[in-house]
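For reference, the chains in residue letters:
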Amino acid sequence: MRVLTRFLLSATHPDHFPAPGVPEVAFLGRSNVGKSHLINSLVGHKIARTSSTPGRTQSINFFEIRFPGNPRPDMLFADLPGYGYARVPRAISAQWPSFIEPYLQSRPSLAACLALVDANVPPQASDKQLLAFLRDAGRPHLVVATKFDKLSGNKATHALETLRREFEPSRVISYSARTGAGRDELWREIRSLMSESTSESAAV
């Protein structure tokens, strides 16, 4: 599936957010979980900046996503700063709640949140706290276990079972940005969440 994309803007304050419009998908996770790699894999080319140094994303970066044949964007992707990385300057990370929490709690066009976790790392308390926050905020979400290509056989099965058990009732799927495994399933999940959001908005 070919996807057309365009970088829209970076925001470090609610006043910087684009005007609410098409549904938005937020990408969240710890700083070394591979958010940018997953976004680039999902759209089929490099739009999100990747780095070998975790913690480089220090703003919410918005990208327009458009499917061929549509004259206007179908949705926006929002790449949020990673959490849990000690080398991010305290002066910067201290500002994050002032624009990240308002975005997650109050953004009217936020339709879904993808919470990324590393399949090779045991479930982390910070990830559980994020999922609890999203549930309390009433945000539809999905857990995406990244870097799944590094696991095989029984280790892969056990890792996925552990994540599903620890993050219940949140749904968990696996993904590999390197091989593209899970790409079609994740797009189906995103479309499903978009559809649910549209239906709920129409019912209000």
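That block above? That's the structure.
Residues numbered from 1 in each chain as written. Predicted model: local features only at pLDDT ≥ 70, side-chain atom pairs only at ≥ 80, totals over all residues. Heavy atoms only, no water.

A.B. asks: So what exactly am I meant to see when it comes to the overall build of the protein chain here?
C.D. replies: Within the protein chain one finds 6 helices and 7 strands. What you see in the protein chain, going N to C, is helices and strands ordered as β-β-α-β-β-α-α-β-α-β-α-β-α. Once local pairs closer than 6 in sequence are excluded, the contacts in the protein chain between residues at least 24 apart make up 74%. Carbon and sulfur atoms make up 49% of the accessible area of the protein chain, which amounts to about 10,400 Å² in all. (Helix = DSSP H or I, 4+ residues; strand = E, 2+ residues; numbered from the N terminus. Contact = heavy atoms within 4.5 Å. Areas by Shrake-Rupley, 256 points an atom, 1.4 Å probe, with all protein chains shown as cover.)

A.B. asks: Would you take a moment to explain the pattern of salt bridges for this structure?
C.D. replies: Enumeration according to the criterion identifies 9 salt bridges in this entry. In this structure, the salt-bridge partner of Lys35 is Asp79, at a minimum N-O distance of 2.8 Å. Taken together, the residues Lys35 in helix H1 (residues 35-43) and Asp79 in strand E4 (residues 75-79) connect sequence positions 44 residues apart. Accessibility classification places Lys35 together with Asp79 in one group, the buried group. The partner of Glu189 in a salt bridge is Arg171, with the nearest N and O atoms 2.7 Å apart. Separated by 18 residues along the polypeptide, Glu189 in helix H6 (residues 183-203) and Arg171 in the loop between helix H5 (153-166) and strand E7 (172-174) bring together distant segments of the chain. Look at the salt bridges and you will find they share partners, linking Arg171, Glu185 and Glu189 into a network. (Salt bridge = Lys/Arg side-chain N within 4 Å of Asp/Glu carboxyl O. Buried < 20%, exposed > 50% of the residue type's maximum accessible area, 1.4 Å probe, protein only.)

A.B. asks: Sorry, what's going on with the environment of Ser195 here?
C.D. replies: For Ser195, the location among the structural elements is in helix H6. Sequence separation between Ser195 and Pro23 is 172 residues, and the spatial gap between their C-alpha atoms is 9.7 Å.

A.B. asks: Could you clarify how one ought to interpret the environment of Ala115 in this entry?
C.D. replies: With respect to the secondary-structure elements, Ala115 resides in strand E5 (residues 110-118). Ala115 gets classed as buried once you look at its relative accessible area, which sits at 3%. Residues Ala115 and Arg30 lie 85 residues apart in sequence; the distance between their C-alpha atoms is 9.2 Å. Apart from residues no more than four positions distant in its own chain, Ala115 is found in contact with Leu28, Leu130, Leu131, Leu142, Val143 and Val144.

A.B. asks: Which parts of the structure should I look at to understand the nonpolar core?
C.D. replies: Note that soluble globular proteins tend to have their nonpolar side chains buried in a common cluster. Formed by 32 residues in total, the largest nonpolar core has its most connected members in Ile60, Phe62, Leu80, Tyr103 and Leu104. For this core, the elements supplying multiple residues, two or more each, are strand E2 (24-29), strand E3 (60-66), E4, helix H3 (96-106), E5, helix H4 (125-136), strand E6 (141-146) and H5. Other than its neighbours up to four places away in sequence, Leu104 contacts Leu28, Leu80, Leu110, Cys113, Phe133, Leu134, Ala137 and Arg139. (Core = buried A, V, L, I, M, F, W, Y, C linked by side-chain atoms within 4.5 Å.)

A.B. asks: Sorry if this is basic, but what is going on with the packing of aromatic side chains here?
C.D. replies: Any aromatic ring pair is given by two values, namely how distant the centres are and how the planes are angled relative to each other. Tallying each qualifying case throughout the model produces 7 aromatic pairs. Taken together, Phe27, Phe67, Phe77 and Trp187 form an aromatic cluster joined through their ring pairs. Lying across the ring of Phe67, Arg191 places its NZ or CZ 4.4 Å from the centre. (Phe/Tyr/Trp six-rings, centres within 6.5 Å; stacked < 30°, edge-to-face > 60°. Lys NZ or Arg CZ within 6 Å of the ring centre and 35° of its normal.)

A.B. asks: Is there a simple way to explain the side chain of Asn61 in this structure?
C.D. replies: Mapped onto the fold, Asn61 is located in strand E3. Only 2.5 Å separates the side chain of Asn61 from the side chain of Ser10, close enough to count as a polar contact. Looking at Asn61, its side chain comes within polar contact range of the side chain of Ser59, at 3.0 Å. For Asn61, the contacting residues outside a window of four places in its chain are Phe7, Leu9, Ser10, Phe77, Ala78 and Asp79. (Polar contact = N/O pair within 3.5 Å; in protein donor to acceptor, adjacent residues only side chain to side chain.)

A.B. asks: Help me out: how do you make sense of unusual backbone geometry in this one?
C.D. replies: One can expect most non-glycine residues to show negative phi and most peptide bonds to be in trans. For the bond running from Glu168 to Pro169, omega is 10°, close enough to zero to count as cis. Examined against the element boundaries, Pro169 turns out to sit in the loop between H5 and E7. For Lys147, which is not a glycine, the phi torsion comes out positive at approximately 60°. Note on placement: Lys147 falls in the loop between E6 and H5. For Lys147, a relative accessible area of 24% gives the class partly exposed.

A.B. asks: So what exactly am I meant to see when it comes to H5 here?
C.D. replies: Each turn of an α-helix holds 3.6 residues, which means side chains three or four residues apart point in the same direction. In a regular helix each residue adds 1.5 Å, so 14 residues correspond to 20 Å; H5 covers 20 Å between its end C-alpha atoms and thus fits that length. Turning to H5, its buried residues are Ala156, Ala159, Leu160, Thr162 and Leu163. Looking straight down H5, one finds that the buried residues subtend no more than 160° of arc, so they occupy a single side. Those residues of H5 that are exposed and aimed more than 90 degrees away from the buried face are Gly153, Asn154 and His158. Residues of H5 that are buried make contact with E5, E6 and E7. (Expected span 1.5 Å × (residues − 1). Arc of directions from axis to C-beta.)

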